[in-house]
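Summary of the model geometry
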Amino acid sequence: MSKKISMAVIRRLPKYYRYLKELMDKDVNRISSKELSQIIGFTASQIRQDLNNFGGFGQQGYGYNVSELYDEIGKILGLNKEYNTILVGAGNLGQAIANYSGFQKSGFKIKAIFDANPRIIGLKIRDLEVLDVELMEEYVKENDIKIAAICIPKEKAQQVADILVRAGIKGIWNFAPIDLHLPDDVVVENVHLKESLFTLSYLLNENEEATK
């Protein structure tokens with residue numbers, strides 16, 4: 001897609017996708033931008049602007065076909081493909097991610113789990129044996145792995161990311177509390193849990209101050 005889409009729009013797409021799936025589950029076949037705005041919390045104008053970035057999906061007087069829009073947004077998000085994925089770090093967070101079946105259902109197939117802790121290596125999580133991280137680079141090269149989720153301490157994260165990139169990884173889902181420095185052709189999505197919690201703390205504090 002040659003047109004540059006803002007990250008603000010891109011980050012709203014998964015929310016559209018989730019709500020459209022809920023509408024399909026309720027056998028809703030079509031919906032107007034106004035009705036969708038009441039459900040999703042964005043204005044009708046914002047919804048129309050967002051979707052117009054990707055082509056004309058709705059019809060005036062009809063609205064949007066829910067299942068068609070769901071499929072189209074899925075394609076825009078790349079969810080019509082499958083991504084071979086590995087998980088690096090089999091601690092509490094890594095195990096929680098590995099055990100969440102929703103990722104597999106969305107096309108993110110966790111093919112292997114790696115860790116450096118001898119006490120964890122050899123354990124099984126969802127029928128996958130935790131492998132020694134020393135085997136990771138060769139495994140990525142030999143198994144067409146596209147994405148790696150990093151759930152390790154920040155001290156090791158950059159080193160592991162460098163190895164992954166050298167092996168051919170193009171997408172990193174980073175849960176380590178550090179900003180990784182990687183080549184421009186590698187996509188990194190940072191999930192800083194503590195920062196998210198701090199944001200919640202700020203908003204909670206603001207609400208408390210406003211009610212005094």
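Keep in mind that what you see is a predicted model, and the values were worked out from it rather than measured.

We now examine the overall build of the protein. When you go through the protein residue by residue, the secondary structure sums to 9 helices and 9 strands. Taking the principal axes of its C-alpha atoms as reference, the protein extends roughly 60 × 50 × 35 Å. When burial is assessed residue by residue, the protein has 37% of its 212 residues classed as buried. The contacts of the protein with a sequence gap of at least 6 include a subset with a gap of at least 24, amounting to 55%. Of the roughly 13400 Å² of accessible surface on the protein, a fraction of 50% belongs to carbon and sulfur atoms. Across the protein, the mean location of the 27 positive side-chain charges is 4 Å away from that of the 28 negative side-chain charges.

Take the pairing of strand β7 (residues 147-150) next. Where burial is concerned, the two faces of β7 agree: the one with Ile147 and Ala149 and the one with Ala148 and Ile150 are both buried. By the bridge criterion, 4 bridges tie strand β3 (residues 83-88) to β7 in an arrangement that is parallel. Each bridged residue has a counterpart across the sheet, and for valine 88 the counterpart in β7 is isoleucine 150. One ladder, built from 4 bridges, connects β7 with strand β8 (residues 171-174); its direction is parallel. When the sheet's bridge partners are listed, alanine 148 is paired in β8 with isoleucine 172. Once you follow β7 into helix α8 (residues 154-167) and on to β8, the crossover reads as right-handed.

A few words on the domain arrangement of the protein. For the protein, the assigned domains read domain 1 (7-76) and domain 2 (83-195). The C-alpha centroid of domain 2 is placed 32 Å from the C-alpha centroid of domain 1.

Between its terminal C-alpha atoms α8 stretches 20 Å, which fits the 20 Å expected from 14 residues at 1.5 Å a residue. Among the residues of α8, those classed as buried are Ala157, Gln158, Val160, Ala161, Leu164, Val165 and Ala167. On its buried side, α8 packs onto β3, α7 (136-142), β7 and β8. Among the residues trailing α8, glycine 168 stands out with phi positive, at a value near 115°.

On to the environment of serine 45. You can see serine 45 is positioned in helix α3 (residues 44-52). Residue serine 45 is classed as partly exposed on the basis of its relative accessible area of 34%. For the pair formed by serine 45 and proline 153, sequence separation is 108 residues and the distance between their alpha carbons is 43 Å.

On to the packing of helix α2 (residues 33-40) against α3. Two elements in contact, α2 and α3, have axes separated by 8 Å at closest approach and are oriented at 105°. Of the possible angle classes, the one that applies to α2 and α3 is roughly perpendicular. For the pair α2 and α3, the contacting residues are Ser33, Lys34, Leu36, Ser37 and Ile40 in the first and Ala44, Ile47 and Arg48 in the second.

To continue, consider the pairing of strand β6 (residues 128-132). One ladder, built from 3 bridges, connects strand β4 (residues 108-115) with β6; its direction is parallel. Following the sheet pairing, aspartate 115 is matched in β6 by aspartate 132. With 2 bridges connecting them, strand β5 (residues 124-125) and β6 associate as antiparallel partners. Residue pairing in the sheet places isoleucine 125 in a bridge with leucine 128 of β6. Connecting β5 to the next strand, β6, in antiparallel fashion are 2 residues, including arginine 126 with a positive phi near 50°.

The rules behind these values
- Residues numbered from 1 in each chain as written.
- Predicted model: local features only at pLDDT ≥ 70, side-chain atom pairs only at ≥ 80, totals over all residues.
- Heavy atoms only, no water.
- Helix = DSSP H or I, 4+ residues; strand = E, 2+ residues; numbered from the N terminus.
- Buried < 20%, exposed > 50% of the residue type's maximum accessible area, 1.4 Å probe, protein only.
- Contact = heavy atoms within 4.5 Å.
- Areas by Shrake-Rupley, 256 points an atom, 1.4 Å probe, with all protein chains shown as cover.
- Lys, Arg positive; Asp, Glu negative; His and termini not counted.
- Charge placed at Lys NZ, Arg CZ, Asp CG, Glu CD.
- Pairing = 2+ DSSP bridges.
- Right-handed = clockwise from strand over helix to strand, strands pointing away.
- Domains from an automatic or database assignment.
- Expected span 1.5 Å × (residues − 1).
- Axes fitted to C-alpha atoms, helices over the stretch in contact; angles between N-to-C directions.
- Parallel < 35°, antiparallel > 145°, perpendicular 65-115°, else oblique.

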